[in-house]
Amino acid sequence: AGADATEEAAASDPAPPFAAETAASGRASCRSCSAAIGKGSRKVCVSVWARGGRISASHHLACFMGGLRVELCPANRGKCKHSGATFVKGAPRVGYPTSSSDAVAWVCLESAKALFPALVAKGEGWASDRLGGYAALPPGKAEEVARELGGLTSTVSPLSKS
């Protein structure tokens, strides 16, 4: 019975589509800016489908956080890359860079709220109003984003590539 409970918990808590880690070597290059990611630097590894399988695309933590954007869903199409929830037209969603600087995947606000604290805790001077596209949101939707993600503010230092 214990194995069944563990499998159910794993199924209800999906694997995150990206994770922050420390670069073990200096061989990786950032998919956003193409610069090398130095050994010991903080990076974000994004799991993406490419070339018939899953690959891990690396980004400087600052490039990844700088590439985050928010928009209103243009249609009732697509699903959150974390929870699998269907997007609803007009609802805010958060995009993150994947395999290149212009490729974006989307997560719902609830998933963003669950996934981003681990990145923001790295001390990178991030706040929800720094999301690309935030200023273009209608006031009510901007307030919704600020309310959902507003607690994820870091005032440690400005974004920098390390």
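You'll find the structure just up there.
Basis of the calculations
Residues numbered from 1 in each chain as written. Predicted model: local features only at pLDDT ≥ 70, side-chain atom pairs only at ≥ 80, totals over all residues. Heavy atoms only, no water. Buried < 20%, exposed > 50% of the residue type's maximum accessible area, 1.4 Å probe, protein only. Helix = DSSP H or I, 4+ residues; strand = E, 2+ residues; numbered from the N terminus. Pairing = 2+ DSSP bridges. Axes fitted to C-alpha atoms, helices over the stretch in contact; angles between N-to-C directions. Polar contact = N/O pair within 3.5 Å; in protein donor to acceptor, adjacent residues only side chain to side chain. Contact = heavy atoms within 4.5 Å.

**Section: the pairing of strand S6 (residues 104-108)**
If a strand is regular, its side chains alternate between the two faces of the sheet.
Point 1. Within S6, four of the five residues are buried, which leaves the element mostly enclosed by the surrounding structure.
Point 2. Looking at chain direction, strand S5 (residues 92-97) and S6 are connected through five bridges and run antiparallel. Its bridge partner being in S6, Tyr96 is matched across the sheet by Ala105.
Point 3. If you look at the hairpin formed by S5 and S6, you'll find six residues sitting between the two strands.

**A short note on the sheet that holds strand S2 (residues 42-50)**
Point 1. If you walk across this open sheet you meet the three strands as S1-S2-S3, and the pairing is antiparallel. In this open sheet, the two edge strands, each paired with only one partner strand, are strand S1 (18-22) and strand S3 (53-60). Here the average twist between neighbouring strands, direction ignored, is 35°.
Point 2. Bridging between S1 and S2 involves five bridges; their strand directions are antiparallel. Residue Thr22 lies in a different strand from S2, and its bridge partner there is Arg42.

**Details of the environment of Glu110**
Point 1. The topology assignment puts Glu110 in helix H3 (residues 109-115).
Point 2. Put simply, Glu110 and Glu148 are 38 residues apart on the chain and 7.6 Å apart in space, counted from C-alpha to C-alpha.

**Overview of the side chain of His82**
Point 1. Looking at the secondary structure, you find His82 in the loop between strand S4 (69-72) and S5.
Point 2. Classification of His82 as buried rests on a relative accessible area of 13%.
Point 3. Polar contacts involving the side chain of His82 include one to the side chain of Ser111, which spans 3.2 Å.
Point 4. Once residues within four sequence positions are removed from consideration, His82 is found in contact with Pro14, Ala15, Pro16, Pro17, Val107, Ser111 and Leu115.

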